[in-house]
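Residues per chain are reported as follows:
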Amino acid sequence: MRAAGVGAEAARVAVVTSTVGEHEDADLPLIVEALRAAGLDARAVAWDAADAQWERYDLAVIRSTWDYAGRLEEFLAWTDAAARVTRLWNPAATVRWNSDKRYLLELAARGVPVVPTRFVEPGAPWAEEDFEAGRAVVVKPSVSAGARDTARYEPGQLADAARHVRMLREQGRTAMVQPYLRRVEEGERALVFFGGAFSHAIRKGPLLTEPGVVDNARVAHPGVAPYRPTAAELDTARAALAAVPGPDGPLFARVDLALGAEGEPVVMELELIEPNLFLGTDPHGLGRLVAAVTAAVAGEPGNPGEAEESERPAEPGEPGEAVAGEATA
């Protein structure tokens, strides 16, 4: 195994992207440059590149494979094939498990607080009467990225919500039905972890601002700002990560949270495939990612260190708050 460092042949690391990611992932060149500065032979490679030769790499780290949801079976076949000839992070089994949001059922079964979710399989009956009367809902597919084909509906729009469910089922897709959490309008929280250690967090504005509208051109992360999570939010995020199946924890992870009616944090999504890591919002985030990748090269996906005391979580009774700094779109 090649390794980083003086006197050793540099380990080859593929930072896995896509045609879309090559053009739109602002973090991609920064990650490649930082890995090279750490002594690794790093380069960006599209997951579907015909000439990739994955066996040439000591490690492949999935980053901006942002077209995978529309090519899921092809992408999962690639993860299996790549994992046979190189070390893939996150692992192929983790990627497969995380590619369908039915993983929320497993998190809930493990005691992790999640947004209550009903899954409607293709062919299963569903009508307006199946919604809980008087409650706003969110409808989305169980396999998606960037909130595509997703909308929220007010209580008076449940017929439209039922049509949305039917549309997804007719496309052969599983639909998700969730209550709309009003306090999401206070901002979604996204907590980023490297090697199992908390790195940084952001808060962003709500996505589903207009009821009854499926807008696949919406900005995926509006109003991003650095954020200091509460102890309860950190505990919930760590519980979600602990529930991920497999012998090894993820190299990178993003846990998306919202607040329930009583202010309790609940998991909206657990992002283990190609999440935006918001590296530009924290001065140490990129270094922590590089440390985790360097440890993985050595065969020990490592703990790059928790956030410093100056970035401590909010104390009990002290609300989480946005941290001073420039918002990143």
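Heads up: the structure comes first, above all this text.
1. Comments concerning the sheet that holds strand S1 (residues 12–17)
Within the open sheet, the four strands sit side by side as S2-S1-S3-S4. Their pairing is parallel. Edge strands, defined here as strands with exactly one partner in the open sheet, are strand S2 (41–46) and strand S4 (87–89). Mean inter-strand twist for the sheet, computed between neighbouring axes without regard to direction, equals 25 degrees. In this sheet, S2 lies alongside S1 in parallel orientation, the contact comprising six bridges. Considered in S2, the bridge of Val-15 is made with Ala-44. Taken strand by strand, helix H3 (residues 72–85) contacts S1, strand S3 (59–62) and S4, and its axis lies near 140 degrees from that of S4. Along the sheet, helix H8 (residues 285–297) makes contact with S1, S3 and S4, crossing S3 at roughly 145 degrees.

2. Some remarks on the packing of helix H2 (residues 27–37) against H8
Axis separation between H2 and H8 bottoms out at 10 Å; the angle between their running directions is 55 degrees. Overall, the two elements H2 and H8 adopt an arrangement that is oblique. H2 and H8 meet at a crossing whose hand is right-handed. Residue-level contacts link Leu-30, Ile-31, Ala-34 and Leu-35 of H2 to Leu-286, Leu-289, Val-290 and Val-293 of H8. Here the contact of H2 with H8 is composed, by residue class, of eight nonpolar, no polar and no charged.

Each value, and the rule that gives it
Residues numbered from 1 in each chain as written. Predicted model: local features only at pLDDT ≥ 70, side-chain atom pairs only at ≥ 80, totals over all residues. Heavy atoms only, no water. Pairing = 2+ DSSP bridges. Helix = DSSP H or I, 4+ residues; strand = E, 2+ residues; numbered from the N terminus. Axes fitted to C-alpha atoms, helices over the stretch in contact; angles between N-to-C directions. Contact = heavy atoms within 4.5 Å. Parallel < 35°, antiparallel > 145°, perpendicular 65-115°, else oblique. Left-handed = near helix turned anticlockwise from the far one by under 90°. Nonpolar A, V, L, I, M, F, W, Y, C, P; charged D, E, K, R; others polar.

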